[in-house]
Amino acid sequence: MTEKYDTLLKTKMSKASFEKLTALKNPKVMEFVGFFAEHCDPASIYVCDDSAEDTKYVRDQAVAQGEEEILAHPEQTIHWDGYGDQGRDKNNTRFMVAKENLANMKALNSIDYDKGYAEILEISKGIMKGKDAVVQFFSEGPTESPFTIPCIQFTDSWYVAHSEFILYRSAYTHFFKMPDAEKDKFYRFIHSAGELDDRNCTVHVDKRRIYMDTQNNIVYSMNNQYAGNSIGLKKHAMRLAINQSGKEGWLCEHMFVMAAIDEKKKRKTYFCGAYPSACGKTSTAMIPGEKIVGDDIAYFRSINGEFRAVNVEFGMFGIIKDVNAKDDPVIFENLMKNQEIIFSNVLIGPDNKPYWLGMGVEPPAEGRNHFGPWKKGVKDAKGKEVGIAHGNARYTMRLDYLDNIDKEGFEAKLGVKVEGILYGGRDSDTTVPVEESPNWRDGILLKAATLESETTSATLGAEGVREPSPMANLDFVSYPLGAYTINNIKFGESVENPPRIFSNNYFMKGPDGDFMTSKLAKKAWLHWAEGRIHGEYQALHTPTGMIPLYKDLKELFKTHLNEDFSEETYAYLFTFHCTKWIQKLERTKAFYAKMDPEAPKELFDYWDEAIAKIQAAKDKYGDEIKPGDYKG
Ligand code: SPV
Ligand code: MN
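Residues numbered from 1 in each chain as written. Chains lettered and ligands numbered in written order. Predicted model: local features only at pLDDT ≥ 70, side-chain atom pairs only at ≥ 80, totals over all residues. Heavy atoms only, no water.

Engineer: I'd like a rundown of the overall build of the chain, residues and numbers included.
Structural biologist: A tally of regular secondary structure across the chain gives 19 helices and 33 strands. A compact globule built from 632 residues would reach a C-alpha radius of gyration of about 26 Å, and the chain, at 25 Å, matches this within 12%. The principal-axis extents of the C-alpha atoms in the chain amount to approximately 80 × 55 × 50 Å. Within the chain, the proportion of its 632 residues that are buried is 60%. Put simply, 73% of the contacts in the chain that link residues at least 6 apart link residues at least 24 apart. Taken as a whole, the chain presents about 24300 Å² of accessible surface, with 51% of it coming from carbon and sulfur. Averaging the coordinates of the 80 positive side-chain charges in the chain and doing the same for the 94 negative ones gives two points 1 Å apart. (Helix = DSSP H or I, 4+ residues; strand = E, 2+ residues; numbered from the N terminus. Rg over C-alpha atoms; globule rule 2.2 N^0.38 Å. Buried < 20%, exposed > 50% of the residue type's maximum accessible area, 1.4 Å probe, protein only. Contact = heavy atoms within 4.5 Å. Areas by Shrake-Rupley, 256 points an atom, 1.4 Å probe, with all protein chains shown as cover. Lys, Arg positive; Asp, Glu negative; His and termini not counted. Charge placed at Lys NZ, Arg CZ, Asp CG, Glu CD.)

The structure is reproduced here in structure tokens:
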């Protein structure tokens with residue numbers, strides 16, 4: 001059985017690659033690689049181990065094959081995704097589900113298993129012809145730890161392979177050491193960029209498909225390059241992990257992991273945070289003076305009864321728009337250095353340097369970008385003016401380049417003990433900048449499940465539409481939303497001291513439509529939360545939780561930001577808006593009912609009670625309740 005593909009593989013691999021593969025003594029690995037070697041039919045296959053030579057080889061190939069170009073700083077490269085391949089393709093990302101389960105998966109974008117499988121095999125047949133493919137082994141989370149999920153990636157995109165070496169921990173050795181009983185437990189990703197045009201971008205984006213099989217932990221991704229579509233370890237693995245965690249009672253969340261640092265009190269307090277795209281997630285994880293562990297995906301497990309988290313990744317695939325010396329000094333400084341960075345979909349000027357939106361630097365009037373040769377004023381086929389760079393242009397970079405990395409948390413095989421969780425949405429008129437939930441369940445149902453935002457350029461389609469975004473995780477929740485929400489509640493309630501849950505909203509607007517605080521105000525909100533965890537501040541009650549006292553915020557703004565925070569601003573920002581909150585909860589209910597007709601009644605009962613409580617408050621105190629007026 002295991003020898004089935006040996007002859008074929010030997011014709012497509014060097015002796016060294018073949019030996020690396022067979023040394024793993026893993027029939028399932030051989031079957032996976034063999035099957036797709038035959039089916040996708042690449043000209044050659046290179047097998048990577050964890051060596052520096054292989055990491056270098058992959059980068060060199062990305063350049064040699066033309067998917068990346070070297071920039072003025074020779075350690076930096078540029079990769080372009082096709083003009084129509086600039087974000088995650090939600091429409092063509094589908095779960096393959098057995099016929100009998102299709103009905104209760106209908107809220108997810110799903111497709112009948114047999115139909116999906118036949119379609120993806122048809123699309124992928126011979127798709128790698130004439131191309132060189134690569135096989136890599138990775139780990140989600142640290143290797144050889146209770147969090148580890150081993151993964152194998154087979155791709156014909158050296159840009160994808162290069163990105164993954166930056167973004168994840170190489171785990172050939174981990175595979176090598178796997179005990180026999182574990183040998184079939186890993187995720188499999190097969191990817192092809194498909195035919196490439198003269199700019200090395202995918203030609204057949206109409207045939208772009210990302211089909212997921214959560215039963216067998218395999219994802220098929222065809223005819224794309226944008227990392228959110230192509231990189232198995234990122235959002236595909238996340239969907240598989242969410243499904244697995246739902247069955248096993250742990251959590252995979254779309255969250256950063258960071259440490260809030262109180263220098264004076266010598267305290268380090270770990271927070272995780274979920275914010276929909278463009279709602280302040282990375283900037284919170286990167287608040288100056290704090291420490292970052294990860295910026296996108298966390299696993300939570302109960303370890304000896306403690307709520308512990310790891311960053312699943314090793315690097316960051318960050319939005320570059322608005323990264324500038326003033327707002328994001330640490331990242332900006334790193335992007336300016338001659339070190340390994342892949343820029344994607346930015347403008348490359350005549351000086352062979354990258355430029356992007358909100359860079360705070362005068363861009364050149366011409367260059368090359370995701371559109372091709374670019375000049376100011378150039379229009380695309382639809383007559384739309386092409387900006388200097390795409391709004392979802394990105395940088396791919398190791399996290400340990402950052403001075404503010406929390407090495408201890410980043411390396412910890414048992415993860416870090418999480419004490420606070422932040423859920424941050426984007427709204428201009430309803431939720432306060434920071435509010436604490438009295439307990440875990442309230443936090444999940446009032447803060448996490450009710451998150452809302454506006455669409456951004458990170459997904460294809462219209463921008464600027466207000467959307468529900470429970471746990472900021474909706475795109476990746478791979479089993480029914482109601483069950484996922486219950487699993488969130490149960491997991492937190494199963495550990496002894498679950499983290500405190502706080503909501504954030506950095507986007508409240510004043511009467512004149514301007515934001516009320518500076519971008520760095522998030523530091524004050526964070527340190528209020530940090531202090532609360534350590535029993536330091538009193539709080540005022542609202543119908544949905546607890547908010548800061550003015551005097552504490554005044555002091556926090558002074559200490560951390562040297563800013564004067566006025567009592568008027570405080571009163572405006574922390575006013576409770578009854579009707580708007582009731583509307584928000586009604587939207588949440590309607591959304592859950594739409595997304596998951598089977599969602600348990602207890603969720604709706606909870607929201608109805610919350611609405612009744614707010615209604616009673618409205619009757620007693622009026623629609624707008626100033627901080628301190630509400631007495632519970
Ligand atoms: C996100 O959109 O949440 C990202 C980028 O982190 S992507 O890889 O496209 O998912
Ligand atoms: Mn993300």
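Further notes follow.
Engineer: A description of the packing of helix H3 (residues 27-40) against helix H5 (residues 113-124) should follow, citing residues and the corresponding values.
Structural biologist: At a minimum axis distance of 9 Å, the contact between H3 and H5 shows a crossing angle of 60 degrees. By the angle class used here, H3 and H5 are oblique. Across the interface between the two elements, Phe35, His39 and Cys40 of H3 pack against Tyr117, Leu121 and Ser124 of H5. Partitioned by chemical class, the residues of the contact of H3 with H5 number four nonpolar, two polar and no charged. (Axes fitted to C-alpha atoms, helices over the stretch in contact; angles between N-to-C directions. Parallel < 35°, antiparallel > 145°, perpendicular 65-115°, else oblique. Nonpolar A, V, L, I, M, F, W, Y, C, P; charged D, E, K, R; others polar.)

Engineer: Give a detailed account of the environment of aspartate 552, specifying residues and quantitative values.
Structural biologist: Mapping aspartate 552 onto the fold places it in helix H16 (residues 550-561). The class for aspartate 552 is buried, based on a relative accessible area of 6%. The spatial distance from the C-alpha of aspartate 552 to the C-alpha of phenylalanine 138 is 46 Å, given a sequence separation of 414 residues.

Engineer: Account for the packing of aromatic side chains, naming residues and giving values.
Structural biologist: Considering all chains together, one arrives at 41 aromatic pairs under this definition. Ring geometry for tyrosine 117 against tyrosine 220: centres 6.1 Å apart, planes inclined by 70 degrees, an arrangement best described as edge-to-face. On the criterion of sequence distance, the pair formed by tyrosine 117 in helix H5 and tyrosine 220 in strand S11 (residues 218-222) is long-range, its members being 103 residues apart. Note on phenylalanine 307 and phenylalanine 491: the rings are 5.2 Å apart at their centroids and 65 degrees apart in plane angle, and the pair reads as edge-to-face. Of this pair, phenylalanine 307 sits in strand S17 (residues 306-311) while phenylalanine 491 sits in helix H14 (residues 481-494), and the two are 184 residues apart along the sequence. According to the relative accessible area criterion, phenylalanine 307 is buried, its value standing at 1%. Each residue in the set Phe32, Phe35, Phe36, Tyr113, Tyr117, Phe154 and Tyr220 is aromatic and connected to the rest through ring pairs, giving one cluster. (Phe/Tyr/Trp six-rings, centres within 6.5 Å; stacked < 30°, edge-to-face > 60°.)

Engineer: So what's going on with the site of ligand 1? Which residues, and what values?
Structural biologist: Lining the immediate surroundings of ligand 1 are Arg88, Tyr226, Gly228, Lys234, Lys235, His254, Asp296, Phe317 and Arg394. Contact distances for ligand 1 include 2.6 Å between an oxygen atom and a side-chain N or O atom of tyrosine 226. Between histidine 254 and ligand 1, the recorded distance is 3.1 Å, taken from a side-chain N or O atom to an oxygen atom. Look at ligand 1: alone it shows 280 Å² of surface, and the protein chains cover 95% of it. Grouping the constituent residues of the shell around ligand 1 by class yields two nonpolar, two polar and five charged. (Near = heavy atom within 4 Å. Polar contact = N/O pair within 3.5 Å; in protein donor to acceptor, adjacent residues only side chain to side chain.)

Engineer: Could you give me a rundown of the nonpolar core, with the residues and numbers involved?
Structural biologist: The biggest cluster of nonpolar side chains holds 99 residues, and the ones touching the most others in it are Tyr299, Phe300, Ile421, Tyr423, Leu603 and Trp607. Apart from residues no more than four positions distant in its own chain, tyrosine 299 is found in contact with Glu140, Phe147, Ile149, Ala241, Trp250, Leu251, Cys252, Arg308, Ala309, Val310 and Val312. Counting residues in each nonpolar core, the second largest holds 65 residues, with Tyr275, Leu335, Tyr355 and Ala521 among its members. (Core = buried A, V, L, I, M, F, W, Y, C linked by side-chain atoms within 4.5 Å.)

Engineer: Any details on the state of the cysteines? Residues and values, ideally.
Structural biologist: One pass over the structure, following the stated rule, counts zero disulfides. Considering cysteine sulfurs only, cysteine 272 is the nearest to cysteine 279, which forms no disulfide, with 18 Å between them. Assessed through its relative accessible area of 1%, cysteine 279 is described here as buried. (Disulfide = S-S within 2.5 Å.)

Engineer: Hey, could you go over the packing of helix H13 (residues 440-448) against helix H19 (residues 601-621) for me, with residue numbers and the actual values?
Structural biologist: Two packed helices can be described by the angle between their axes and the distance between those axes. It is the contact of H13 with H19, at a shortest axis distance of 11 Å, that shows an interaxial angle of 85 degrees. Here H13 lies roughly perpendicular to H19, going by the angle between them. Between H13 and H19, the contacting residues are Arg441, Asp442, Leu445 and Leu446 on the first element and Glu602, Leu603, Tyr606, Trp607 and Ala610 on the second. Looking at the contact of H13 with H19, its residues break down into six nonpolar, no polar and three charged.

Engineer: Could you give an account of the side chain of asparagine 92, with specific residues and numbers?
Structural biologist: Within the secondary structure layout, asparagine 92 lies in the loop between strand S3 (76-79) and strand S4 (93-97). A distance of 3.3 Å separates the side chain of asparagine 92 from the side chain of arginine 94, its partner in a polar contact. Setting aside residues up to four positions removed in sequence, asparagine 92 forms contacts with Asn109, Arg208, Arg209, Ile210 and Tyr211.

Engineer: Any details on unusual backbone geometry? Residues and values, ideally.
Structural biologist: Positive phi, close to 65 degrees, is recorded for asparagine 200, a residue that is not glycine. Assignment of secondary structure puts asparagine 200 in the loop between strand S9 (187-192) and strand S10 (209-213). A positive phi angle, close to 65 degrees, is found at alanine 278, a residue other than glycine. Checked against the element boundaries, alanine 278 lands in the loop between strand S14 (267-274) and helix H10 (281-285).

Engineer: Just give me the short version of the side chain of threonine 214, but keep the residues and values in it.
Structural biologist: Structurally, threonine 214 can be placed in the loop between S10 and S11. The exposure class of threonine 214 is buried, given its relative accessible area of 8%.

Engineer: Before we move on, can you summarise the sheet that holds strand S18 (residues 315-319) with the specific residues and values?
Structural biologist: Ordered by their spatial adjacency, five strands build an open sheet running S2-S3-S19-S24-S18, and the pairing between neighbours is mixed. Looking at which strands have only one partner, the edges of the open sheet turn out to be strand S2 (69-70) and S18. Both S3 and strand S19 (residues 341-344) contribute to a ladder of four bridges, which runs parallel. Each residue of the ladder has a partner; that of threonine 77, found in S19, is isoleucine 342. (Pairing = 2+ DSSP bridges.)

Engineer: Before we move on, could you go through the pattern of salt bridges and cite the residues and values that matter?
Structural biologist: As enumerated under the stated definition, the model contains 43 salt bridges in all. Here lysine 183 ties to aspartate 180 by a salt bridge, and the two come within 3.3 Å at their closest N and O atoms. Judged by its relative accessible area of 11%, lysine 183 is buried. On the basis of relative accessible area, aspartate 180 is assigned to the exposed category, the value being 65%. Residues joined in a network through salt bridges with shared partners are Lys234, Lys235, Lys281, Asp296 and Glu313. (Salt bridge = Lys/Arg side-chain N within 4 Å of Asp/Glu carboxyl O.)

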